[in-house]
2 protein chains.
Amino acid sequence: MSTPGVARQPVEPTAAQQRVITAALTLFAEHGIGGTSLRMIAAELKVTVAAVYHQFHTKDEIIFAAVESQLRRLEDAVERAESEPTTRRARQAIIEGLVELTMGVGRSMSSVLNDPAITGSFSRHAGYRDLLRRLQILLMGEDSSKESRVRIVTLLAALNGTASHPLVAHLDDDTMRRELLNIANQVLARPRR
Amino acid sequence: MSTPGVARQPVEPTAAQQRVITAALTLFAEHGIGGTSLRMIAAELKVTVAAVYHQFHTKDEIIFAAVESQLRRLEDAVERAESEPTTRRARQAIIEGLVELTMGVGRSMSSVLNDPAITGSFSRHAGYRDLLRRLQILLMGEDSSKESRVRIVTLLAALNGTASHPLVAHLDDDTMRRELLNIANQVLARPRR
DNA sequence: GTCTATAGACCGATAGAC
DNA sequence: GTCTATCGGTCTATAGAC
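(A) Broad picture of the overall build of chain A. The secondary structure content of chain A amounts to ten helices and zero strands. Each helix and strand of chain A, ordered N terminal to C terminal, gives the series α-α-α-α-α-α-α-α-α-α. Radius of gyration (C-alpha) of chain A: 17 Å, near the 16 Å computed for a compact globule of 193 residues. If you line up chain A on its principal axes, its C-alpha atoms span 55 × 45 × 25 Å. Out of the 193 residues in chain A, the part that is buried amounts to 49%. Within chain A, residue pairs in contact and separated by at least 24 positions form 68% of the contacts whose partners lie at least 6 positions apart. Of the roughly 9500 Å² of accessible surface on chain A, 53% is carried by carbon and sulfur atoms. Averaging the locations of the 24 positively and 22 negatively charged side chains of chain A gives two centres separated by 4 Å.

Structure, rendered in structure tokens:
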């Protein structure tokens, strides 16, 4: 049976489209979305601009597909966590899943999801909001207070911002993973007061 | 006597230049640096592009001045904290200073300082590195471990990312300030294990 | 200090050959 | 699926009048 829950079945990208998406994500992480042109994407793939346009009809479609691909990875992690037998293990699983996601392309789950060109429109994206809600349940249980919502947003910002910051870019993957795990646990801990 | 320490005396911007900087910061926060053109900045100021070029000779100069202005505000906060009589009060002062900075233009100390178009070059900026080092001393004392450096970067990312995220943009200033203070204390707390 | 006018490069996007 | 060639528009930047 197919997974319901999120009302969106984005067409799976073809292999050629996936190559465009990967190149785009790399360049977005480096120059921002507004600072990345189709020319640059084409150059990264060593083809011409027209060849890229054969895969996607507009730049916006590429941006959308790039965001979707990251959201799909996030959704996979959420689903894996939700299938854990206990809430405790589910919580541990999603934390580890988020850290792994953050270690991805250019050590950023979402230079895309953090770009001002994106956040505005995607904060109204139904699938995105649904994912954040499921994240919240996994991480904070039924505590749906304002504080707990803020904490989720902070967690994502802290993981991404730390992993992608050039001042700690030199840290090896194992160290970074360990640090991100610490950060996640700390941000999610109940304040001591 | 003048303050040594940071080896940079950026020329104070004129009033006209400051207006350009403010407009630029607003637009950068909304569209990213790469997504902001001189046309947009000129339109925001209701003048022509040539008038903007009369204040700054290149777009890079505008970006640089915008970053410098944010760094100067950060430096002011650091200096105020450093002049506190006890380390405990200095620590409290810089935390509050960082939160106030974050509540600034477009609720972001640094859509600028977080933009991929910037971080790369400014992570080699001497003044920037010096500021981070002073921040580290204020917040973690003489603990100059790898973990403590990571923690500073995380703190900045968490504050900025949270304050500027559209999903919590509706929170009123007092609530946001309170949340940011909690976040700061939590990120800086020693892990419980 | 602001304007108009303009230069040359680059932008996103399309047509059509192979 | 990739190319060349081209469109109209916008980009950064400059020259020169007021």
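(B) Structural detail: the protein's contact with DNA strand D. Near DNA strand D you find 14 residues, and of these Thr48(A), Leu38(B), Arg39(B), Tyr53(B) and Lys59(B) are the closest. Here, DNA strand D places atoms within 4 Å of the protein, and 62% of those atoms are sugar or phosphate. Here Ser37(B) contributes a side-chain N or O atom positioned 3.1 Å from a phosphate oxygen of DNA strand D. Between DNA strand D and Tyr53(B) there is a distance of 3.0 Å, counted from a phosphate oxygen to a side-chain nitrogen or oxygen. Elements supplying a minimum of two residues to the surface near DNA strand D: helix H3 (49-55) of chain A together with helix H2 (38-45) and helix H3 (49-53) of chain B. In terms of residues, the surface near DNA strand D owes the most to one element, H3(A), which gives three residues.

(C) Structural context of the protein's contact with DNA strand C. Surrounding DNA strand C, one finds 14 residues, the nearest of these being Leu38(A), Arg39(A), Tyr53(A), Lys59(A) and Thr48(B). When atoms of DNA strand C within 4 Å of the protein are split into backbone and base, the sugar-phosphate part holds 66%. In the environment of DNA strand C, a phosphate oxygen lies 2.9 Å from a nitrogen or oxygen atom belonging to the side chain of Tyr53(A). Taking Thr48(B), its main chain carries an N or O atom lying 2.6 Å from a phosphate oxygen of DNA strand C. Broken down by secondary-structure element, the contributors of at least two residues to the surface near DNA strand C are helix H2 (38-44) and H3 of chain A together with H3 of chain B.

(D) Structural context of the side chain of Gln186(A). Along the polypeptide, Gln186(A) turns up in helix H10 (residues 173-188). At 2.3 Å, the side chain of Gln186(A) and the backbone oxygen of Ala189(B) are in polar contact.

(E) Inspection of the relation of the copies chain A and chain B at higher detail. In screw terms, the move from chain A to chain B is a rotation of 180° and a rise of 0.0 Å along the axis, fitting with an RMSD of 0.1 Å. When the rotation and shift are considered jointly, the pair of chain copies conforms to a two-fold rotation axis. Taken as a fraction of all interface residues of chain A, those also at the interface in chain B reach 100%, which identifies the copy contact as same-surface.

(F) Layout of the interface of chain A and chain B. Listed by partner, the interface residues are 43 residues for chain A and 44 residues for chain B. Buried surface at the junction of chain A and chain B, both sides included, amounts to about 3500 Å², of which 62% is carbon and sulfur. For the pair chain A and chain B, the interface holds two salt bridges. With its nearest N and O atoms 3.3 Å apart, the salt bridge here joins Glu179(A) to Arg151(B). For the interface between chain A and chain B, the tally reads 13 residue pairs in polar contact (both at pLDDT 80 or more). Of all elements in the fold, only helix H1 (15-31), helix H7 (116-122), helix H8 (126-140), helix H9 (146-164) and H10 of chain A reach the threshold of two or more residues within the side of chain A that touches chain B. With eleven residues, H9(A) is the single largest residue contributor to the side of chain A that touches chain B.

Each value, and the rule that gives it
- Residues numbered from 1 in each chain as written.
- Chains lettered and ligands numbered in written order.
- Predicted model: local features only at pLDDT ≥ 70, side-chain atom pairs only at ≥ 80, totals over all residues.
- Heavy atoms only, no water.
- Helix = DSSP H or I, 4+ residues; strand = E, 2+ residues; numbered from the N terminus.
- Rg over C-alpha atoms; globule rule 2.2 N^0.38 Å.
- Buried < 20%, exposed > 50% of the residue type's maximum accessible area, 1.4 Å probe, protein only.
- Contact = heavy atoms within 4.5 Å.
- Areas by Shrake-Rupley, 256 points an atom, 1.4 Å probe, with all protein chains shown as cover.
- Lys, Arg positive; Asp, Glu negative; His and termini not counted.
- Charge placed at Lys NZ, Arg CZ, Asp CG, Glu CD.
- Near = heavy atom within 4 Å.
- Polar contact = N/O pair within 3.5 Å; in protein donor to acceptor, adjacent residues only side chain to side chain.
- Least-squares fit on C-alpha atoms with pLDDT ≥ 70 in both.
- Buried area = accessible area lost by both parts, 1.4 Å probe.
- Salt bridge = Lys/Arg side-chain N within 4 Å of Asp/Glu carboxyl O.

Geometry only, nothing functional implied.
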